[in-house]
Amino acid sequence: MSWSLLIISLIGIAIVGGTDLCNTTCLIPNGTTSQSTVYTSEGTNFTSERAINGNMSECAHTLEQQSSWWTIDLLAVYNISSIKIYNTEHHNSDISDASIHIGNSRENNSIANNVCKCITNFIKNSCNDFQCNTSMLGRYITLSAPKHLVLCEVRICGTKQESPFELIKENKTWEDALSHCRDQNKDLASILDADSQAWAELEARAADTPFVWLALHYTCILEVWFWVDDHRLEFNRWAPENNTGDCDMSGAMQTREDHLWFSMSDYDKFNFICTK
Ligand SMILES: [Ca+2]
């Protein structure tokens, strides 16, 4: 490539989407997005990923309806330090009525997660930099609004958190899996809340088997499910009508889809999740 062509190419890169007003070096690299509805105009679908495509002039846009949302799955748990949002100058691009939610729950399209910030005085054609009042951890960042949402570019900064769990990609019966973890002075993973469910889901995604063993076990003497580290079963993600307890049954998590829990025979062989 000649020097003139190289210079033209570099200029081309620099001006794609106009001036990058939300330039940052702390950007979280990955994420998959979705939104409540997709506005369409003149053959263009204003889809959710346009809010993170690096182009300031290409926006995500929902239809105007009651309760719109846009969400990003960061595919890891982060301590979120700031959320920068840029919107172009347009009659409907003021998002002063929107809220930012951060957390590990997918419930209600992740709107059930705690509010980091209620947006007021949003400034168009500017980089709006939002920080939570307190430190917040989460895999999902969601914006919700009473009517529509327009998001031209969203930049999220945060520090990746270390998982408390470890996926073991060996196929073992439930009891052999438990022994494997305990031989290393660890234990099978207990899931006590939405946060530990999120960590286990992230580990399970890399499994070779359709389910992974958890520390969930059924005792047919007491006729109850329990966690083998002696925690009681309170939080749960059972698949509907799939928590039938019987002798020689334990709980396993789906490695795909909604990561629900199923009652499975102890003698099935799956990958498993140990504590670290
Ligand atoms: Ca964009």
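Cut-offs applied
- Residues numbered from 1 in each chain as written.
- Predicted model: local features only at pLDDT ≥ 70, side-chain atom pairs only at ≥ 80, totals over all residues.
- Helix = DSSP H or I, 4+ residues; strand = E, 2+ residues; numbered from the N terminus.
- Contact = placed C-beta atoms within 7 Å.
- Domains from an automatic or database assignment.
- Nonpolar A, V, L, I, M, F, W, Y, C, P; charged D, E, K, R; others polar.
- Buried ≥ 20, exposed ≤ 12 C-beta atoms within 10 Å, placed from the backbone.
- Pairing = 2+ DSSP bridges.
- Arc of directions from axis to C-beta.

Caption draft 1: A look at the overall build of the protein. A count of helical and extended segments in the protein gives three helices and 17 strands. For the protein, the spread of C-alpha atoms along the three principal axes comes to 70 × 50 × 40 Å. Restricting the contact set of the protein to residue pairs at least 6 apart, pairs at least 24 apart contribute 73%.

Caption draft 2: Highlighting the domain arrangement of the protein. Examined at the domain level, the protein breaks down into domain 1 (19-160) and domain 2 (165-275). The distance between the C-alpha centroids of domain 1 and domain 2 comes to 34 Å. Contacts between the two partners involve five residues from domain 1 and, on the opposite side, five residues from domain 2. Partitioning the side of domain 1 that touches domain 2 into residue classes produces two nonpolar, two polar and one charged.

Caption draft 3: Expanded view of the pairing of strand S17 (residues 270-275). Counting buried residues in S17 gives five out of six residues, a clear majority hidden from the surface. Direction of pairing for strand S12 (residues 165-172) relative to S17: antiparallel, over a ladder of five bridges. Paired with Leu167 across the strands is Ile273, a residue of S17. In the sheet, strand S13 (residues 211-219) pairs with S17 via two bridges, with the strands oriented parallel. Counted as the bridge partner of Trp213 is Phe272 from S17.

Caption draft 4: Representation of helix H3 (residues 194-204) within the structure. Turning to H3, its buried residues number three or more, namely Gln197, Ala198, Trp199, Ala200, Glu201, Glu203 and Ala204. Looking at the buried residues of H3, the elements they touch are strand S5 (68-86), strand S9 (136-145), S12, S13, strand S15 (249-254) and S17.

Caption draft 5: Examining helix H2 (residues 174-183) more closely. Restricting attention to buried positions, one finds in H2 the residues Trp174, Ala177, Leu178 and Cys181. The buried residues of H2 occupy an angular sector of 100° when projected down its axis, which confines them to one face. Across H2 from its buried face, at more than 90 degrees, point the exposed residues Ser179 and Asp183. Against S12, S13, S15 and S17 lie the buried residues of H2.

Caption draft 6: Summary view of unusual backbone geometry. The backbone of Leu75 shows a phi angle near 60°, a positive value even though the residue is not glycine. Mapped onto the elements of the fold, Leu75 is located in strand S5. Despite not being glycine, Glu223 shows a phi value in the positive range, around 60°. Glu223 sits in the exposed class, given 9 other C-beta atoms within 10 Å.

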